[in-house]
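Here is what each chain is made of, one letter per residue.
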Amino acid sequence: MKRTAVVTAGTAGIGLETALGLAAAGYAVTVVGRDAGRGARAVERIDATGPAHPARFLSADLGSLDEVRALADRIAADHAASGDPLTVLVNNVGAMFPARRDLGGVEASFVVNHLSPYLLTELLLPTLTAAAPSRIVNVTSGAVGVAKKEFDAVEPSGGYYGFHWYGRAKLANLAYTLDLAARLEGTGVSVFAADPGGAATDMTNGTMTDPKIVSPALRLLWPLVRRTFERSTSGPASVAARSSIVAATDDALAGRTGVVIGAQASPVAPFRTATDRRVAAAVRRLSERHAPLGVA
């Protein structure tokens with residue numbers, strides 16, 4: 001029986017490098033993305049490495065919660081039909097938006113960086129539990145450190161600044177990740193967060209170079225921040241993917257859960273706010289309200 005893995009946003013960048021690492025570790029890898037052409041190229045690149053099992057691509061716009069639900073249904077049905085266990089789910093999807101926009105009536109950063117992986121994970125929990133021991137890996141970010149720590153509503157107070165709102169969505173997902181780990185204790189499903197650190201990707205080379213994505217106070221320091229940022233994001237995506245690959249495959253993590261794997265591909269202390277039970281409870285309420293599991 002083959003071990004299988006799903007990697008969202010797996011057709012390029014850190015996601016593709018994660019998929020390559022999982023394929024090298026013997027997993028049958030499914031990459032998820034919006035673009036069929038990029039998906040075909042990703043599968044071709046993975047298969048060119050001579051993996052034990054051929055890769056496949058599934059198309060889904062992870063900014064649409066309806067498509068996330070359809071994706072979960074497809075993955076669950078495929079695994080039920082084949083009998084092959086879903087051993088690893090890597091929620092690699094992430095996006096930053098320079099200007100505020102809605103996706104299905106909810107602010108886009110919160111949808112893509114939290115509600116989408118939250119919903120996919122929750123819908124696939126029966127499949128992952130049936131495959132235990134299995135692992136869930138949610139990709140986090142150092143941007144959680146500049147996030148507003150308020151989750152009474154889906155949007156924070158004040159003006160829109162893409163980097164801070166991205167960080168807040170990632171903070172919500174990190175709090176959810178640690179809360180989920182506690183919830184699944186004893187089920188055989190381990191839950192990890194993986195921080196890739198910096199890498200040269202489409203997002204870091206595009207949106208994150210615009211000083212308007214940060215608050216005016218931070219913008220005053222932009223020349224210094226920009227130089228530091230460029231140094232920290234100049235590495236290859238293959239290095240940034242190590243934290244996700246370790247979280248998904250390292251035997252030393254067997255039986256452990258609720259661990260954050262840092263940019264050096266080793267466990268680190270979680271961001272303190274993400275461990276606050278009140279934050280986790282507020283995030284849970286928001287998630288259940290805006291991405292209800294019972295909606296078909």
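Predicted model, so just to flag it, every value in this text is computed and none were measured. Residue positions within a chain follow its written sequence, with the count starting from 1. Whole-chain, interface and lining totals are the exception, using all residues; otherwise, since this is a predicted model, local features are given only for residues with pLDDT of at least 70 and side-chain atom pairs are given and counted only at 80 or more. Hydrogens and waters are ignored; side-chain quantities use all the structure's heavy atoms.

Asker: Describe the sheet that holds strand 10 (residues 267-268), listing the residues and the values that go with them.
Answerer: Read from one edge to the other, the open sheet built from 8 strands follows the order 3-2-1-4-7-8-9-10, with strand pairing classed as mixed. Edge positions in the open sheet fall to strand 3 (56-59) and strand 10, since each of these has one partner strand only. Here strand 4 (residues 86-91) pairs with strand 7 (residues 134-139) via 4 bridges, running parallel. Pairing of Leu-89 across the sheet is with Ile-136, part of strand 7. Only heavy atoms enter the contact rule, under which two residues are in contact if any of them lie within 4.5 Å. Every axis corresponds to a line fitted to the C-alpha atoms, with the helix fit spanning only the stretch in contact, and the corresponding angles, defined between N-to-C directions, vary from 0 to 180 degrees. Strands are runs of DSSP state E lasting at least two residues, helices are runs of H or I lasting at least four, and both sets are numbered from the N terminus onward. Contacts between helix 2 (residues 36-47) and the sheet are confined to strand 2 (28-33) and strand 3, with strand 3 contributing the most and set at about 160° to the helix. Contacts between helix 3 (residues 65-82) and the sheet are confined to strand 1 (4-8), strand 2, strand 3 and strand 4, with strand 3 contributing the most and set at about 145° to the helix. By the convention used here, strands pair only if DSSP detects at least 2 bridges between them.

Asker: Requested: an account of a positive patch on the surface, with residues and values cited.
Answerer: Patch membership is restricted to residues that have no salt bridge and whose relative accessible area is over 30%. Joining uses 9 Å for like charges and 5 Å for the nonpolar side chains Val, Leu, Ile, Met, Phe, Trp and Tyr. All accessibility values rest on the Shrake-Rupley procedure with a 1.4 Å probe; residue burial counts only the protein chains present in the view. Every case where a carboxyl oxygen of Asp or Glu lies within 4 Å of a side-chain nitrogen of Lys or Arg is listed as a salt bridge. In this tally Asp and Glu are treated as negative and Lys and Arg as positive; neither His nor the chain ends contributes. Here the site of a charge means atom NZ of a Lys, CZ of an Arg, CG of an Asp or CD of a Glu. There is a patch of like positive charges on the surface, built from Arg-34, Arg-38, Arg-41 and Arg-101. Among the secondary structure elements, Arg-38 is positioned in helix 2. Relative accessibility under 20% of the residue-type maximum defines a buried residue, over 50% an exposed one, and the middle range a partly exposed one, all with a 1.4 Å probe and only protein chains included. Exposure remark for Arg-38: the relative accessible area of 33% places this residue in the partly exposed category.

Asker: Break down the packing of aromatic side chains for me, citing the residues and quoting the values.
Answerer: Each Phe, Tyr or Trp ring (for Trp, its six-membered ring) is paired with any other whose centre lies within 6.5 Å, and the angle between the two planes then decides the class: stacked below 30 degrees, edge-to-face above 60, tilted in between. Taken as a whole, this structure holds 2 aromatic pairs when the rule is applied. Geometrically, the ring pair formed by Tyr-118 and Tyr-176 is edge-to-face, given 5.1 Å between the ring centres and 75° between the ring planes. Of this pair, Tyr-118 sits in helix 4 (residues 108-130) while Tyr-176 sits in helix 5 (residues 162-183), and the two are 58 residues apart along the sequence. Comparing Tyr-118 with Tyr-176, the two get one shared label, buried. As a reminder, the over-ring test applies to NZ of lysine and CZ of arginine, requiring each to be within 6 Å of the ring centre and within 35 degrees of the ring normal. Directly above the aromatic system of Tyr-27 lies the positively charged group of Arg-3, at a separation of 4.2 Å from the ring centroid.

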